[in-house]
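Chain and residue survey
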Amino acid sequence: EAQVTQNPRYLITVTGKKLTVTCSQNMNHEYMSWYRQDPGLGLRQIYYSMNVEVTDKGDVPEGYKVSRKEKRNFPLILESPSPNQTSLYFCASSLGLNTGELFFGEGSRLTVL
Amino acid sequence: AQSVTQLDSQVPVFEEAPVELRCNYSSSVSVYLFWYVQYPNQGLQLLLKYLSGSTLVKGINGFEAEFNKSQTSFHLRKPSVHISDTAEYFCAVSQWGAQKLVFGQGTRLTINP
């Protein structure tokens, strides 16, 4: 089954404790992206990657890092989480935005205390 | 820069009634347009998309949308809604050659029996 898998789905952590949210897709997509969803703000892009070893900032990259060492994986790293990073995070992948659609994971709800 | 405005944050309707969810966008260049649906505790999935051609686009679950270039709108419609259509709906735009989707703030559709 074609899917985007995120882990963990739920996480409560404390300020400053490094964490990684993993994302893996099995569709051989070149494009992957991370979004955060906050009430009243819709989804905002954090980082995206057009291919292996190619990443770029989205609209809200502060406090986040990403890497793309393999085509299927695109982890999101919070080196020193803060309460304003409490949010619902979505990973998505696509063959290419110009002609295709984004396939989303089920989301990771992160709470930073 | 491109932006998307969903004019209603919440839309309550009765079952079997028609519904229209409004979306306006701004962009200085040609765009691709999308509607996504998010059911409770799930990721987003594509309802329909406009890439080119006919301005009336049909999607899944009986939804359709019309691209109006002069009014920069992409409103979503369904002639008769069901309880199962209760969800949050997001309009999104991508500029030709860009590498991100810009999402609206979302419209929560509530179906009352």
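Residues numbered from 1 in each chain as written. Chains lettered and ligands numbered in written order. Predicted model: local features only at pLDDT ≥ 70, side-chain atom pairs only at ≥ 80, totals over all residues. Heavy atoms only, no water.

Across the boundary between the two partners, chain B contributes 24 residues, which contact 23 residues of chain A. The contact between chain B and chain A buries some 1800 Å² in all, and 52% of this surface belongs to carbon and sulfur atoms. Three residues, Gln99(B), Lys100(B) and Phe103(B), lead the burial of chain B against chain A; their summed loss comes to 32% of the area buried on that side. Inspection of the chain B/chain A interface yields three residue pairs in polar contact (both at pLDDT 80 or more). When residues of the side of chain B that touches chain A are traced back to their parent elements, those giving at least two are strand 5 (31-38), strand 6 (44-50) and strand 10 (87-95) of chain B. (Contact = heavy atoms within 4.5 Å. Buried area = accessible area lost by both parts, 1.4 Å probe. Polar contact = N/O pair within 3.5 Å; in protein donor to acceptor, adjacent residues only side chain to side chain. Helix = DSSP H or I, 4+ residues; strand = E, 2+ residues; numbered from the N terminus.)

To continue, consider the environment of Val4(A). All names here are of chain A. Position of Val4 among the secondary structure elements: in strand 1 (residues 4-7). In the structure, Val4 is positioned 63 residues away from Ser67 in sequence and 17 Å away in space, judged by C-alpha atoms. Those residues in contact with Val4 that sit more than four places away from it in its chain are Cys23, Ser24, Gln25, Met27, Cys91, Ser93, Phe103, Phe104, Gly105 and Glu106.

With that settled, the discussion passes to the side chain of Ser108(A). Residue and element names in this part refer to chain A. With respect to the helices, strands and loops of the structure, Ser108 is situated in strand 11 (residues 108-112). There is a polar contact of 3.0 Å between the side chain of Ser108 and the side chain of Gln6. Apart from the residues lying within four places of it in its own chain, the contact partners of Ser108 are Gln6, Asn7, Pro8, Arg9, Val21, Ser87, Leu88 and Tyr89.

With that settled, the discussion passes to the packing of aromatic side chains. Summed over all chains, the structure comprises 13 aromatic pairs over all chains. Both rings, one in Tyr31(A) and one in Tyr48(A), keep their centres 6.1 Å apart while their planes meet at 20 degrees; by these two values the pair is stacked. Of this pair, Tyr31(A) sits in strand 4 (residues 31-38) while Tyr48(A) sits in strand 5 (residues 42-51), and the two are 17 residues apart along the sequence. By relative accessible area, Tyr31(A) is classed as buried at 2%. Ring plane angle 85 degrees and centroid distance 5.3 Å describe the contact between Tyr35(A) and Phe103(B), whose orientation is recorded as edge-to-face. Taken as a pair, Tyr35(A) in strand 4 and Phe103(B) in strand 11 (residues 102-103) lie in two separate chains rather than in one. Of the two residues, Tyr35(A) and Phe103(B), both sit in the buried class. Every member of this aromatic cluster is reached through a ring pair, and the members are Tyr35(A), Phe90(A), Phe104(A), Phe34(B), Tyr36(B), Phe90(B) and Phe103(B). Sitting above the plane of the Phe74(A) ring, Arg68(A) keeps its charged end 6.0 Å from the centroid. (Phe/Tyr/Trp six-rings, centres within 6.5 Å; stacked < 30°, edge-to-face > 60°. Buried < 20%, exposed > 50% of the residue type's maximum accessible area, 1.4 Å probe, protein only. Lys NZ or Arg CZ within 6 Å of the ring centre and 35° of its normal.)

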